[in-house]
Amino acid sequence: MNNNLNRIIGSLFISCLFMMGCGTDDTQTVATFNNLVAEDNFDVDGEIDTSFWNFDIGDGSEQGIPGWGNNELQFYTDRSENVTVENGFLLITAQEEDFNGAQYTSARLQTKGKIQQRYGRFEARIRLPFGQGMWPAFWLLGDDSDGSVSPQIGEIDIMENTGDAPTEIFGTVHGPGYSGENSISKKYTLVNSRVDTGFHIYGIEWGPDYINYYVDNVLYYQVTPEDVDEETDGEGEWVFNDRQFYIILNLAVGGNLPGSPNEETVFPQTMVVDYVRVYTNGIN
Amino acid sequence: MKNIKHINLKTICSLILVMIVLSGCDRDLSDEAVFATFPNTADIFTDSPIGLTDRFFISFDPALGANTEAFGTDDDVAYEGNSSIRIDVPSSNDPNGSFVGGIFLDRGEGRDLTGYTALSFWARGSITATIGLVGFGTDFEENKFLVERSNIQLSTDWRKYIVPIPDPSKLIQESGMFVFSAGGLDIIDSVPNGNEIGYTFWIDELRFENLGTIAQLRPAIFSGEDLIEQGFVGSTRLVTDLGATFNAPTGEDITVGPAPSYFDFSSSNTNVAFVNELGLIQIVGEGTTTITGQLNGVLAEGSLSLEVLGSFVGAETPPERDSSDVISIFSDAYTNVNNLNFAAFNDQNVQIETQNLNGDQIVTYDNLSFVGLGWDGTEDVSGMTHLHVDVQLSSSANPAFTVQLIDFGPNNTDDGTQGGDDTGGGFTIPSSELIEGAWVGIDIPINAFTEATAGGFAGSPNLNNIARVALVSNGSSFVIDNVYFYRE
């Protein structure tokens, strides 16, 4: 573990020097898992790769969680107005429109049963939307095919943002004893930059008993079973060593966390994804 | 990474080569293409003024009520360091002036601000008052690139405020470093009626900054409305109500008012109208065109669609007269009264616009119920025989048009209709004489203003202290020109 962290900190230091030398660059070397096992670079215009992605459709009612469990306001569709690939980017677009009883439409893609694994590095390069009520996320949910349910299956939120805070993102874990409002989370503030003006790389490196969170070339957070113990007075259970997790990309509108859009919110708003990549370290 | 470095080096090498080649073989270009560059100093005030004129603060005109005593520095209060700007906003009845405001000017030839995205400063107030105006780009000359942010709310603790630069690339030589204006706080009502109280606010760490956290520029012209208007060849109109909305690092939107020169205006049909960099639309031909604007490459919300049917035919030019035979209120043919006000009083719905058509000024009153033309002082028209008005009806149904005179009486004061020595009376033009789209010259005998007014005057006013010519209608629309008293 310590070795691992030292390696990461070491490479962080090196990458900082390197970055300063070369100016801005999209690549980062904070992460050390380099065995690429799955990626979608969204290279085919107008087409979502269904060997990679599934669509979640609706307002969550069919799944038994109306408002997707958070009183969210959008109806998810797989229409091109809400999700498409253009110029090498995945575009997830929130529209203001009356649709099946909802005021807004958007999209949610996930990789359940297609791309999922235990441990690894999960990374995406994303430009986020802006404005009150926007709630984009890049996250992982534990595979529930054994009949387990949330929060036992675990949730790793690699990146979440609320559109009213254009310089901040946060990384979070949910599990038994620390789910919903009691989840364990850390905020990261971009330095003299915003989430909606350019692309940033959001990722985690996840191994036995740790999850490391990074943005671009900055490793900003590590969560371990000890942190869960401390945050939950020993009540919480580490559920990230037992099962595979799959990827979710979505743009929610409104809901408990961001609150509803207001008069200043501009529609449509688009979450632009350059790539999603999954790596292993070749060990775990 | 190594590859990138290599490429950079190669690029730099070839760039240097190109420069050498250029300076070697193209003497004319290098002699003439020397662009002056100006310092890019960011700081304006930290613990003392940085690179400002010796006067530091240049007040607005005291004749307009600006209080020149209210500005100073404070060595006991600072956000950082040991001094701040201290502004003691006067109460509205302060004998030294009812508001404080002015500018800071660069002491040199101006600064290069192209590398910055915002003006920023920290401020706190003695109370949670609102500063009416902060900004930059005002130099008391052209004010070519002024930017104004209105009504910033003070806290009693230090807060950071930003004024985004709409398009930094325009600011290669800017002298106007800061502008502000503040009046007293009204805690009773929000009407400027003399009950506003004074307060103090402090400003510190005033500078230009390259903030990467301001984004999502959304410009607007005409307040973001898509206007449709008719125009006449030879007339002009300004692009008005300019705005630039940014999203701040806090997630809030900030809207500033930029000068027209930040925008690139365009007309979809330049045979009909064109727009200059000051936002002046000049109508030159018949047809239709749409006026739009861009700010820093972003299309502005709002537009003006102009339908130009032809030239406007002016009213008949009044005859030459000896100056002693005319008292002119509004005519390009005579010398007019001083400081004519096209609406000294008016109803809520009337739309008033003056237009200059090939050197002939006209005034339009659309949807008119009543309006009063006023001016400085009063006029003795008792020696005149008639009042002349040129009127063109521009609405269709059932017009009504009454002209009234109001006399302020020997005390030369507006006493209203309740007591005092004021008198007034009206003359109604028969509606059959009004013709849509055509000028009608009306000459009303000076003693014919016999009708009582709705405001309460009895009619047949005294003629020695005339202060208003009022026009009364039923919501009809008119173009007016050549309002003057004369004697035959």
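Residues numbered from 1 in each chain as written. Chains lettered and ligands numbered in written order. Predicted model: local features only at pLDDT ≥ 70, side-chain atom pairs only at ≥ 80, totals over all residues.

A. Molecular detail of the overall build of chain A. Assigned secondary structure in chain A consists of 2 helices and 18 strands. Classification of the 284 residues of chain A by burial places 47% in the buried group. Counted over contacts in chain A with a minimum sequence separation of 6, partners at least 24 positions apart contribute 72%. (Helix = DSSP H or I, 4+ residues; strand = E, 2+ residues; numbered from the N terminus. Buried ≥ 20, exposed ≤ 12 C-beta atoms within 10 Å, placed from the backbone. Contact = placed C-beta atoms within 7 Å.)

B. Fine view of the interface of chain B and chain A. Each partner contributes residues to the interface: chain B has 12 residues there, and chain A has 13 residues. The set of elements that each furnish at least two residues to the side of chain B that touches chain A consists of helix H1 (2-25) and strand E12 (215-220) of chain B. Split into classes, the residues belonging to the side of chain B that touches chain A amount to 5 nonpolar, 5 polar and 2 charged. (Nonpolar A, V, L, I, M, F, W, Y, C, P; charged D, E, K, R; others polar.)

C. Structural context of the sheet that holds strand E18 (residues 273-275) of chain B. Residues and elements named next belong to chain B. Pairing within the open sheet is antiparallel, and its 3 strands lie in the order E14-E19-E18. Of all the strands in the sheet, just strand E14 (236-238) and E18 have a single pairing partner and so form its edges. Here the average twist between neighbouring strands, direction ignored, is 20°. (Pairing = 2+ DSSP bridges. Axes fitted to C-alpha atoms, helices over the stretch in contact; angles between N-to-C directions.)

D. Focus on the sheet that holds strand E15 (residues 243-247) of chain B. All names here are of chain B. Across the sheet, which stays open at both edges, the 8 strands sit in the order E2-E5-E10-E7-E8-E16-E15-E12 with antiparallel pairing between neighbours. Whereas interior strands pair on both sides, the edge strands pair on one side only; in this sheet they are strand E2 (58-59) and E12. For E15 and strand E16 (residues 253-258), the ladder comprises 4 bridges, and the chain directions are antiparallel. The residue of E16 that forms the bridge with Phe 246 is Ile 254.

E. Representation of unusual backbone geometry. For the peptide bond that leads from Ser 150 of chain A to Pro 151 of chain A, omega is 5°, which places it in the cis range. Its location among the elements puts Pro 151 of chain A in the loop between strand E10 (134-142) and strand E11 (155-160). The phi dihedral of Ser 460 of chain B falls on the positive side, at around 50°, and the residue is not glycine. Looking at the secondary structure, you find Ser 460 of chain B in the loop between strand E30 (439-445) and strand E31 (466-486).

F. A look at the pairing of E11 of chain A. Residues and elements named next belong to chain A. Among the 6 residues that make up E11, 6 are buried, leaving the element largely enclosed by the rest of the structure. Taken together, the 5 bridges between E10 and E11 define a ladder with antiparallel strand orientation. Among the inter-strand pairings, Ala 137 is bridged to a residue of E11, identified as Glu 160. Bridging between E11 and strand E12 (residues 168-174) involves 4 bridges; their strand directions are antiparallel. Residue pairing in the sheet places Glu 160 in a bridge with Phe 170 of E12.

G. Spatial organisation of the nonpolar core. Ranked by internal contacts, the top residues of the largest apolar core, which has 73 residues, are Phe 138, Leu 140, Ile 156, Ile 158, Tyr 202, Ile 211 and Val 273 of chain A. It is strand E17 (residues 245-253) of chain A that provides the largest number of residues to this core, a total of 8 residues. Other than its neighbours up to four places away in sequence, Ile 211 of chain A contacts Ile 156, Val 173, Ile 204, Trp 206, Val 223 and Phe 240 of chain A. Grouped together as the second largest cluster of nonpolar side chains are 68 residues, Ala 118, Ile 165, Val 179 and Leu 185 of chain B included. (Core = buried A, V, L, I, M, F, W, Y, C linked by C-beta atoms within 7 Å.)

H. Highlighting the pairing of strand E17 (residues 263-267) of chain B. Residue and element names in this part refer to chain B. By the alternation rule, side chains of E17 split into Phe 263, Phe 265 and Ser 267, which are all buried, and Asp 264 and Ser 266, of which none is buried. Taken together, the 5 bridges between E17 and strand E20 (residues 287-295) define a ladder with antiparallel strand orientation. Bridge assignment links Phe 265 to a residue of E20, and that residue is Gly 293.

I. Representation of the environment of Asn 93 of chain B within the structure. Relative to the assigned elements, Asn 93 of chain B resides in the loop between strand E4 (84-89) and strand E5 (99-105). Note: C-alpha distance between Asn 93 of chain B and Gly 184 of chain B (91 residues apart in sequence) is 9.5 Å.

J. Representation of the environment of Ala 400 of chain B in the model. Residue and element names in this part refer to chain B. As for its placement among the helices and strands, Ala 400 is situated in the loop between strand E27 (386-393) and strand E28 (401-407). Classification of Ala 400 as partly exposed rests on a count of 15 C-beta atoms within 10 Å. Measuring from C-alpha to C-alpha, the distance between Ala 400 and Phe 121 comes to 57 Å, with 279 residues separating the pair along the chain. Residues contacting Ala 400, with those up to four places away along its chain left out, are Ser 431, Ser 473, Asn 474 and Ser 476.

K. Representation of the environment of Trp 439 of chain B in the model. All names here are of chain B. Summarising the element assignment, Trp 439 is placed in strand E30. For Trp 439, a count of 16 C-beta atoms within 10 Å translates into the label partly exposed. Once you skip the residues sitting within four places of it in the chain, Trp 439 turns out to touch Ala 315, Glu 316, Asp 390 and Gln 392.

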